[in-house]
Amino acid sequence: MSGQKPSLKTGGSAQSRFQVDVVTEASSAASAGQTPPVPGTIDGLRPPEESRGRFRVVGFLDPGALGTASDIGLPPDVFHEPDGTKSDSVSLHSTGTGHTHISDSHSNTYYMRTFGHNTIDAVPNIEFYRQTAAPFGEKRTRPSLSELTCALVLHPSSSSLCVLLSFQVRCMLNIWGVMLFIRMSWIVGQAGIGLTIAIILMATVVTTITGLSTSAIATNGFVRGGGAYYLISRSLGPEFGGSIGLIFAFANAVAVAMYVVGFAETVVEMLNDVDALMFDELNDIRIVGTLTVILLLGISVAGMEWEAKAQIVLLVILLGAIANFFIGTVMPSENKKPKGYFGYQTAILVENFGPDFRDEETFFSVFAIFFPAATGILAGANISGDLADPQSAIPKGTLLAILITGLTYVAVAISTGATIVRDATGDHNDTVVDTVNCTDAACTLGYDFSICEEGGCKYGLMNDFQVMSLVSAFSPLISAGIFSATLSSALASLVSAPKVFQALCKDNIYPGLSVFAKGYGKNNEPLRGYVLTFCIGLAFILIAELNVIAPIISNFFLASYALINFSVFHASLANSPGWRPSFKYYNMWVSLAGAILCFVVMFVINWWAALVTLLIVLALYIYVSYKKPDVNWGSSTQALIYNQALTHSLNLTSVEEHVKNFRPQCLVLAGYPNSRPALLQLVNSFTKNVSLMVCGHIRTVSRRPNFKELTQDYARCQRWLSKKRIKAFYAPVFAENMRYGAQLLLQAVGLGRLKPNTLVMGFKNNWSDGDMRDVENYINIIHDAFDLQFGVVILRLLDGLDISHIQGPEHVLLLCFLAATDIKSPLSLTDQRLLESSQQFKKKQGKGSIDVWWLFDDGGLTLLIPYLLTNRSKWGDCRIRVFIGGKINRIDHDRRAMATLLSKFRIDFSDINVLGDINTKPKNKLSFKELIEPYRLKEDDMEQEAAERLKAQEPWRITDNELELYKAKTNRQIRLNELLREHSSSAKLIVISMPLARKGTVSSALYMCWLETLSKDLPPLLLVRGNHQSVLTFYS
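Read on for a plain summary of the structure. Just so we're clear, the structure is a prediction, and the values are computed from it rather than from any experiment.

### A word on the overall build of the chain
Line of reasoning, step 1. Helices and strands together make up the secondary structure of the chain, namely 33 helices and 15 strands.
Line of reasoning, step 2. A burial count over the chain gives 51% of its 1036 residues as buried.
Line of reasoning, step 3. Restricting to contacts in the chain with at least 6 residues of sequence separation, those with at least 24 account for 79%.
Line of reasoning, step 4. When the accessible area of the chain is evaluated, it comes to approximately 46800 Å², of which 57% is carbon and sulfur surface.

### Focus: the sheet that holds strand 14 (residues 989-993)
Line of reasoning, step 1. The strand order across the open sheet formed by 10 strands is 8-7-6-9-10-15-14-11-12-13, and the pairing between neighbours is mixed. Where the open sheet ends on each side, the last strands, each with one partner, are strand 8 (729-734) and strand 13 (911-915). Direction aside, neighbouring strands of the sheet carry axes that sit 20° apart on average.
Line of reasoning, step 2. Examined bridge by bridge, strand 11 (residues 848-853) and strand 14 share 4 bridges and lie parallel to one another. Paired with V852 across the two strands is V991, which belongs to strand 14.

### Some remarks on the nonpolar core
Line of reasoning, step 1. Of all hydrophobic cores here, the largest spans 124 residues; its most connected members are F181, I199, M258, F370, Y409 and L558.
Line of reasoning, step 2. Top contributing element to this core by residue count: helix 8 (residues 238-273), with 17 residues.
Line of reasoning, step 3. With 59 residues, the next largest nonpolar core counts V749, L976, V1002 and W1010 among its residues.

### Notes on the pairing of strand 9 (residues 758-762)
Put simply, side chains in a regular strand alternate between the two faces of the sheet.
Line of reasoning, step 1. Where burial is concerned, most of strand 9 is hidden: 5 out of the 5 residues are buried.
Line of reasoning, step 2. A two-sided burial pattern is seen for strand 9, the buried positions comprising T758, V760 and G762 on one face and L759 and M761 on the other.
Line of reasoning, step 3. Regarding topology, helix 25 (residues 772-787) serves as the crossover connection from strand 9 to the parallel strand 10 (residues 791-796), and that connection is right-handed.

### Re the packing of helix 32 (residues 967-983) against helix 33 (residues 1004-1015)
Line of reasoning, step 1. Closest axis-to-axis distance for the helix 32/helix 33 pair is 7 Å, and the angle between their directions is 20°. One element, helix 32, and the other, helix 33, form an angle in the roughly parallel class. Of the residues in helix 33, those touching helix 32 at K969, T970, Q973, I974, L976, N977 and L980 are L1006, W1010, T1013, L1014 and S1015.

### Digging into helix 16 (residues 475-506)
Line of reasoning, step 1. The terminal C-alpha atoms of helix 16, which comprises 32 residues, lie 47 Å apart, in line with the 46 Å expected from a rise of 1.5 Å per residue.
Line of reasoning, step 2. Counted residue by residue, helix 16 has 26 buried out of 32 residues, so it is predominantly covered.

### As for the pattern of salt bridges
Two side chains with opposite charge may pair up if their charged atoms get near one another.
Line of reasoning, step 1. This model, assessed by the stated rule, comprises 24 salt bridges.
Line of reasoning, step 2. Across the salt bridge formed by R676 and D802, the nearest N and O atoms sit 3.5 Å from each other. Note that R676 is positioned in the loop between strand 6 (666-669) and helix 22 (677-687) and D802 in the loop between strand 10 and helix 26 (829-838), a separation of 126 residues in sequence.
Line of reasoning, step 3. Among the residues examined, D802 registers a relative accessible area of 28% and is labelled partly exposed.
Line of reasoning, step 4. Each of E933, R936, K938 and D960 takes part in salt bridges that share partners, so that together they form one network.

### A look at the side chain of H570
Line of reasoning, step 1. Here H570 is to be found in helix 18 (residues 546-574).
Line of reasoning, step 2. With relative accessibility at 10%, the residue H570 sits in the buried group.
Line of reasoning, step 3. When residues no more than four places from it in sequence are discounted, the contact partners of H570 are L236, S636, T637 and L640.

### Here's the deal with the state of the cysteines
What is meant by a disulfide is a covalent connection between two cysteines, made through their sulfur atoms.
Line of reasoning, step 1. Across all of its chains, the model carries 1 disulfide by this definition.
Line of reasoning, step 2. A sulfur-sulfur separation of 1.9 Å characterises the disulfide bridge that pairs C452 with C457. Residues C452 and C457 are joined through a disulfide that is left-handed, its torsion about the S-S bond being -95°. Each member of the pair, C452 as well as C457, is classed as buried.

### Digging into unusual backbone geometry
Line of reasoning, step 1. The residue E360 is not glycine, and still its phi comes out positive at about 60°.
Line of reasoning, step 2. Tracing the backbone through its elements, the reader meets E360 in the loop between helix 11 (346-353) and helix 12 (363-370).
Line of reasoning, step 3. In this structure E360 comes out as exposed when scored by relative accessible area, which is 80%.
Line of reasoning, step 4. Non-glycine residue H1028 carries a positive phi angle of around 65°.
Line of reasoning, step 5. Take H1028: it is sitting in the segment after strand 15 (1021-1025).

### Here we look at a nonpolar patch on the surface
Line of reasoning, step 1. On the surface, a cluster of nonpolar side chains totalling about 890 Å² of accessible area is made up of F603, W607, W608, L611, V612, L615, I616, L618 and I622.
Line of reasoning, step 2. Within the secondary structure, W607 sits in helix 20 (residues 607-627).
Line of reasoning, step 3. Overall, W607 belongs to the exposed group, its relative accessible area being 56%.

### Some points on the environment of F483
Line of reasoning, step 1. By the element assignment, F483 lies in helix 16.
Line of reasoning, step 2. For F483, a relative accessible area of 22% translates into the label partly exposed.
Line of reasoning, step 3. Separated by 217 residues in sequence, F483 and T266 have C-alpha atoms that sit 7.9 Å apart.
Line of reasoning, step 4. When near neighbours in sequence (up to four residues on either side) are disregarded, F483 contacts F263, T266, V267, M270 and S488.

### Details of helix 17 (residues 527-541)
Line of reasoning, step 1. If you check helix 17, its first and last C-alpha atoms are 21 Å apart, about what 15 residues at 1.5 Å a residue would give, namely 21 Å.
Line of reasoning, step 2. Within helix 17, burial applies to G529, Y530, T533, F534, G537, F540 and I541. The buried residues of helix 17 all sit within an arc of 140° when viewed along its axis, so they share a single face.
Line of reasoning, step 3. Buried residues belonging to helix 17 abut helix 8, helix 9 (281-301), helix 16 and helix 18.

### Side note on the environment of L965
Line of reasoning, step 1. Counting through the fold element by element, L965 comes out in helix 31 (residues 960-965).
Line of reasoning, step 2. Residue classification places L965 among the exposed positions, given a relative accessible area of 56%.

Definitions and limits used
Residues numbered from 1 in each chain as written. Predicted model: local features only at pLDDT ≥ 70, side-chain atom pairs only at ≥ 80, totals over all residues. Heavy atoms only, no water. Helix = DSSP H or I, 4+ residues; strand = E, 2+ residues; numbered from the N terminus. Buried < 20%, exposed > 50% of the residue type's maximum accessible area, 1.4 Å probe, protein only. Contact = heavy atoms within 4.5 Å. Areas by Shrake-Rupley, 256 points an atom, 1.4 Å probe, with all protein chains shown as cover. Pairing = 2+ DSSP bridges. Axes fitted to C-alpha atoms, helices over the stretch in contact; angles between N-to-C directions. Core = buried A, V, L, I, M, F, W, Y, C linked by side-chain atoms within 4.5 Å. Right-handed = clockwise from strand over helix to strand, strands pointing away. Parallel < 35°, antiparallel > 145°, perpendicular 65-115°, else oblique. Expected span 1.5 Å × (residues − 1). Salt bridge = Lys/Arg side-chain N within 4 Å of Asp/Glu carboxyl O. Disulfide = S-S within 2.5 Å. Patch = residues over 30% accessible without salt bridge, like charges linked within 9 Å, V, L, I, M, F, W, Y side chains within 5 Å. Arc of directions from axis to C-beta.

Right, here's the structure in full:
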């Protein structure tokens, strides 16, 4: 090297330790060896927004490993970018187009001025924290700890829509809807100015709290399309989000009908004034509404740009109409007085200040009609995916829109209540001369409208929905304002509903609705959602009654608001480090109060509609919970569950264990989960929803996989357990041998009281065919478990447990996804029986018995496991039969004593058998002698020194002294097998006390022969031995 820095040239070799993605320079600049200034930059440096995502550390290469593209053996899709400038580092990076570039890094002065771009480690970057489906391109990742290899390069998306209409304007347009012009005066007439302001303030309190909550959620990370659904689902999880998202989309679709009917009412009023009705008023509203919604559908389908342009035009008209109304209030006219308009009058203000509810209307029924006007606060959030900067737009736009529109509604309520009387005839002749005895405001102003008390008047706040046209300076502009308000709100809802619905369908929460997830065009327009929204809106337009439609959607919107508020409370309560909204003006208790207020208002408005709404939400919640969609959004529900689990786990550690609360918490050495399905299914039968189950996997592979492979392995196997509804944790470890791996699991698995206390294994059926060192390890695992005060359970099936060999060793991982019935390749008869046997505990067992051979008192685990099994529906038809050892002359006494004990334990049994002949001489000992023959030391046939040397090399060998010393115990195992065949050959399951062997005295081969002899040629058998601590008690 001679002090020269390594460089990369086209024609020569180079050495580099670093790889950095860089901005691709112009070829002319590259050949000149310098970086030319780029237009719009300073000193040739691109601004941060331009350069973001264009460079990053992507890998690490050993010194001397780089040369030309051909020298380093690049794949065919990699090509080299020549550059005449020498560089301190090179880059091997993906362009996202199927090619990989090698680039120079320090030819750009940006890298000379920025820390972190001449090192392996990447500097902190916002791009590393994006979610997988980043809205602006592919996910970028920092260099991993395990390896620094090529990674994806972020390419800013060019398809995001530049929204012409600001968020605030969209919210205001939707809030200034149909209620402002054609129902506000009627509400003032019914509730009076005082209660109308109270109604507006109540709605404003709800929407303001919800706006604060929306702002907090929206500023806690990037917000994508879906509005309220996205906010709720990402905060509370798919269960709440999926349920509320569906009804929120439906509510927006119904809102289209509400606004269109309001528009149609105005048109029909105008037609009626000129006697131009087509049929009658109701059918004309339906006709005009249908034609209007078709027109709006055409604008929406044309794309967001057209919709935004239309909204701007409608905004200008709307503002002119509002100004026109207020100007008209200070321009009284004699011609308008017979219709109830007198200008600002104290008498009218006083008279209209109190309520005058008619036609069975109440404060809350009027509130229900008004409240949909406030639902526009989410109009902008519903198209959050189309906003350039939703984190900034949602808080500012929502709160400003609430303030401005709230003040507008209050001003309109006061103006109409101070200038217009409740009832007027419209007749110029209804005047009075003597106003001395007048009791109402109209009389004091020279008009007698007392005839209206009998009904039939067409004018005034209570009777004329178009009264604002009467007040205005130029009435056609009010009509245009009504058209603008209703159409803009309808258009916003017609756009919002499909966007929310599309986001819901994209997440595949409801698989049957995924057809509506498809988008069209550069902006991914949900055309199918538009059609669905059109159909729903059209159906409700045919009702043609605004006062009927409005309350329907009030509860749906209130339910959405309640959950948005609850989301903020829940996220704050969970105290997750990920809850860091940049909007700080919120309070968890205020949000909770807002959620409660929304639910209270729901029931006050209409209790049965609120009940139906909650039942719909509950039904959808249960459905989504049952389906368990494969999504992970880091919801506050997860955070709160973690908090609760941590708190309860810590609380448990401070409480002494009690025998009444004992649960068999099982560590199951099963390997890959589907390698031994019968073992997992049986253990799951007595641990599910009762205790802990850990699926331990000891891997003794020569090459340890990297972290990515381990993570994928873990995820696949855990998913298989979840798919098969086996409630267990998967815990893999790497070890030199099985015993060492088991020691790791026995000591390390668990947390506090949530720690296994029972080791469960499969019987080693092929032990006689393999290496006896494996048998030695197998037996030592049992000894280790007893040393650590574990109970031990061993399951033996006649055909064996392990089915992993059926697919071959290289396909073991695939078994994590395959059920036995999924394997289609031809199998031998033995393998077919093995597969059938592996699924036997998956099905209902039917009538039969579980035979419990409780020969030795191990604390009660041998009896507890069968009891837990019989509590399950699959084993519910099985009855427990108990077999115990006893003396021939005390059989009745022993039976009564055991029956008394079982009754105190409150364990049902069908029969108790006392075996008095366990210790009699077995009938056939020849098979045992043949079994142990290959494993005997035969020390009498060799010199003592040679025998001792062989025993030291092969400690599993059986000595003659050992056989003689344990002759009685050997005979007992042979005899027990004979008795098992005699009494329990038809049992569904046999549970028997496991024989023990002293470490260092009984060789592993002899112990294995005992277990083999005891359990061979029998139905499914569990060898059980507790840790000799009581697990049953008859004390209360």
